[in-house]
Amino acid sequence: GSSMEIANFQLFCNENKVGNSSDVALNIGEFKNHLASVSDVYMCASFPFDAVNCINAVNLSVRDATIVSGHSVQDWQESFQPKYKSKAAKTSSAPSPVIKLPNAAIAEMKLVIVVKTKGVKVKQTPLTIKAFNGQETTTSKDLINFYTLACLSRVPEFISNAEVLGLNVIDNTAATWGNFAGLAT
């Protein structure tokens, strides 16, 4: 785990008896850790009671986001997990379940990728990632692929072991495809 700072956190929940779900709205004024920072995060979604791995109608917007490149997928997972694990918790190497995200909508995002190079230099790459408009069949894998390709198209060294995501950064296929698709500007 890593240390995280959260400011101005607001969470609203309401039971939706018609939709048999919990409707949730979330606002985070600011979030920071050693890999990422975001400000003015707004999210609303509906969590159906009868579908554990489904979040309906996710709408998300983020004013500013900064991420540090060159870290492995494992670094990212570890930085968002709690520091202390229960002794009863199982240590499983099973992959995370795919979450269904029907009709997810994420607003255009301004993102700064910070690339720490050897020596003192720090390179910042600003990019705008186009809005994501999901379909009825959208899943968490679709979101991961969309945003990974958008970042890799501009900063191929963004994730040091991108092969874990099924992408080979060495041959730059992802970067080429991301630029061709216009995911990042």
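This text follows the structure it describes.
The rules we used
- Residues numbered from 1 in each chain as written.
- Predicted model: local features only at pLDDT ≥ 70, side-chain atom pairs only at ≥ 80, totals over all residues.
- Heavy atoms only, no water.
- Phe/Tyr/Trp six-rings, centres within 6.5 Å; stacked < 30°, edge-to-face > 60°.
- Helix = DSSP H or I, 4+ residues; strand = E, 2+ residues; numbered from the N terminus.
- Buried < 20%, exposed > 50% of the residue type's maximum accessible area, 1.4 Å probe, protein only.
- Contact = heavy atoms within 4.5 Å.
- Salt bridge = Lys/Arg side-chain N within 4 Å of Asp/Glu carboxyl O.

Undergrad: What's the story with the packing of aromatic side chains in this structure? I'm lost.
TA: Geometry of an aromatic ring pair is reported as the spacing of the ring centres plus the angle between the planes. Counting across every chain of the model gives two aromatic pairs. Relative to F146, the ring of F132 has its centre 5.1 Å away and its plane inclined at 70°; by these criteria the two rings are edge-to-face. You can see F132 sitting in strand 8 (residues 132-133) and its partner F146 sitting in helix 2 (residues 140-154), a full 14 residues away along the chain. Centroid distance F146 to Y147: 4.9 Å. Interplanar angle 80°. Geometry classified as edge-to-face. Overall, F146 belongs to the buried group, its relative accessible area being 15%. Through successive ring pairs, a cluster of aromatic residues spans F132, F146 and Y147.

Undergrad: Explain the environment of V114 here, please?
TA: Here V114 is to be found in strand 6 (residues 109-116). Residue V114 is classed as buried on the basis of its relative accessible area, which comes to 9%. Expressed as a C-alpha distance, the spacing of V114 and Q124, which sit ten residues apart in the sequence, is 4.5 Å.

Undergrad: What is the right way to look at the environment of N59 in this model?
TA: Residue placement: N59 occurs in strand 4 (residues 56-68). Among the residues examined, N59 registers a relative accessible area of 35% and is labelled partly exposed. N59 sits 44 residues away from N103 along the chain, and the two C-alpha atoms are 8.7 Å apart. Ignoring sequence-local partners within four residues, the contact set of N59 consists of Y42, M43, C44 and A105.

Undergrad: What's the story with the pattern of salt bridges in this structure? I'm lost.
TA: It is possible for side chains bearing opposite charge to pair when their charged atoms get close. On inspection of all chains with the given rule, the structure shows three salt bridges. D40 serves as the salt-bridge partner of R63, at 2.5 Å between the closest nitrogen and oxygen. Pair noted here: R63 is in strand 4 and D40 is in strand 3 (residues 36-48), with a separation of 23 residues, a long-range link. Linking R63 and D64 is a salt bridge whose minimum nitrogen-to-oxygen distance equals 2.9 Å. For D64, a relative accessible area of 35% corresponds to the partly exposed category. Three or more residues are tied together by salt bridges with common partners; here these are D40, R63 and D64.

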